[in-house]
Each structure stands twice: as C-alpha cells, then as structure tokens.
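Architecture and fold: a report
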Amino acid sequence: MAQTVIRDNRGITLIEILISFVLVTVTSLALIQSALVAMNTNVVNELRNEAVKVAEQRMNDLRSESFTASFTSPDLVQTGGQLKKDPAVTRNIRATSCDFTPWRTVTDIDVDPVTGVNLKQIYLTIRWTYRNINYQHSVSTVLRRQS
C-alpha cells in the first residue's frame, strides 16, 4: 500500500525573508533620500522668501530717503554703474543663520539741464550663500524727485 505524504508548504524560507528584507531596505533608503531632497528644497525656498522680505524692506528704506531739488540723501547718490554694498542682514531660518547682503546701483535716468535730476533708477540685489551655493534676488524701482 502506498503512503501519501502530506507536505506543509505554508512556511517562509530564510532566502525569502532575506530578499524581502533587502527590498524593504532599498525602498526605505529611496524614501529617506526623497525626504532629504524635499527638506533641502523647503529650506532654499524659505531663504528665498526671506531674501524677498529683506529686499522689500531695504527698497522701502531707499524710497523713503530724501530726494529733492536742494538735497539728495547719500544713499541715493548715483553710483556710476558700480554696485555699492550695504550692511548685511542676518536672519535665522530653521536653526541656521544666513547673511543676506544688499548691493545697490543708483542711476540718474532723467536729467534736465535746468532743473537737475528728476528720476533715479534703483537696482537692488540681495545675495546669500547656502551650502556653498550662491543665490541672489533682484528688484528695481524708479524714484521721482520730491517737490
């Protein structure tokens, strides 16, 4: 009489466990790398937003300077096309400090021989460095002489 052997194949072999462990590890590493890239991108975006705020604040300061027929603020004197460095602004972003350095150029764009300078163009660039990469944000405006 032949005997019937019943085999229980419901178990998992050691090879199957090792392969599944390798697959889970590789997937986890890919997800961690993606998370790190996303975090770095968020920090760069926050730094850019802060640079926009610094530029807006500095531009508002420059626009409020005196520019009349009898007096022009030293900050609004024509720079001859040369960039002039203003004091750096330090801000803390996510437990790291970053220096934002404003550079400006002031150009006389409407000069009347009788009345003098009527319009000035202010070009402002904010520069900063994050992880040894240089970034910049630029804005410009035209300023009319006050009566």
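Please refer to the structure higher up on the page.
In this report, we go over the structure that sits alongside the text. The structure displayed is predicted, hence computed values, not measured ones.

Digging into a nonpolar patch on the surface
A cluster of nonpolar side chains, I12, L14, I15, I17, L18, I19 and L23, forms an exposed patch at the surface whose accessible area comes to about 740 Å². Structurally, L14 can be placed in helix α1 (residues 14-63). In this structure L14 comes out as exposed when scored by relative accessible area, which is 62%.

A closer look at the nonpolar core
Within the largest apolar cluster, 19 residues are counted, with the highest numbers of intra-cluster contacts made by L47, F100, I122, I126 and W128. At the level of elements, α1, β3 (96-112) and β4 (116-130) are the ones that each hand at least two residues to this core. It is α1 that contributes the most residues to this core, seven residues altogether. Other than its neighbours up to four places away in sequence, W128 contacts L47, R48, A51, C98, D99, F100, I133, N134, Y135, Q136 and H137.

Some words on the pairing of strand β5 (residues 133-144)
As paired strands, β4 and β5 are joined by twelve bridges and run antiparallel to one another. Following the sheet pairing, T129 is matched in β5 by N134. Joining the antiparallel neighbours β4 and β5 is a turn of two residues, in which R131 adopts a positive phi near 55°.

Examining the environment of Q3
By the element assignment, Q3 lies in the segment before α1. With a relative accessible area of 74%, Q3 lands in the exposed category.

What about the pattern of salt bridges?
Enumeration over the complete set of coordinates arrives at seven salt bridges. Salt-bridge contacts for E46 lead to R94; the nearest nitrogen and oxygen are separated by 2.8 Å. Remark: R94 occurs in the loop between β2 (89-93) and β3 and E46 occurs in helix α1; sequence separation between them is 48 residues. Assessed through its relative accessible area of 48%, R94 is described here as partly exposed. A salt bridge links R58 to D75, with the nearest nitrogen and oxygen atoms 3.6 Å apart. A residue pair is termed long-range when its members are at least 10 positions apart, and R58 in helix α1 and D75 in the loop between α1 and β1 (84-85) qualify at 17 residues. Under the relative-accessibility criterion, R58 is labelled buried at 15%. One network of salt bridges, in which partners are shared, links R58, D75, D86 and R104.

Rules behind the numbers
- Residues numbered from 1 in each chain as written.
- Predicted model: local features only at pLDDT ≥ 70, side-chain atom pairs only at ≥ 80, totals over all residues.
- Heavy atoms only, no water.
- Patch = residues over 30% accessible without salt bridge, like charges linked within 9 Å, V, L, I, M, F, W, Y side chains within 5 Å.
- Areas by Shrake-Rupley, 256 points an atom, 1.4 Å probe, with all protein chains shown as cover.
- Salt bridge = Lys/Arg side-chain N within 4 Å of Asp/Glu carboxyl O.
- Helix = DSSP H or I, 4+ residues; strand = E, 2+ residues; numbered from the N terminus.
- Buried < 20%, exposed > 50% of the residue type's maximum accessible area, 1.4 Å probe, protein only.
- Core = buried A, V, L, I, M, F, W, Y, C linked by side-chain atoms within 4.5 Å.
- Contact = heavy atoms within 4.5 Å.
- Pairing = 2+ DSSP bridges.

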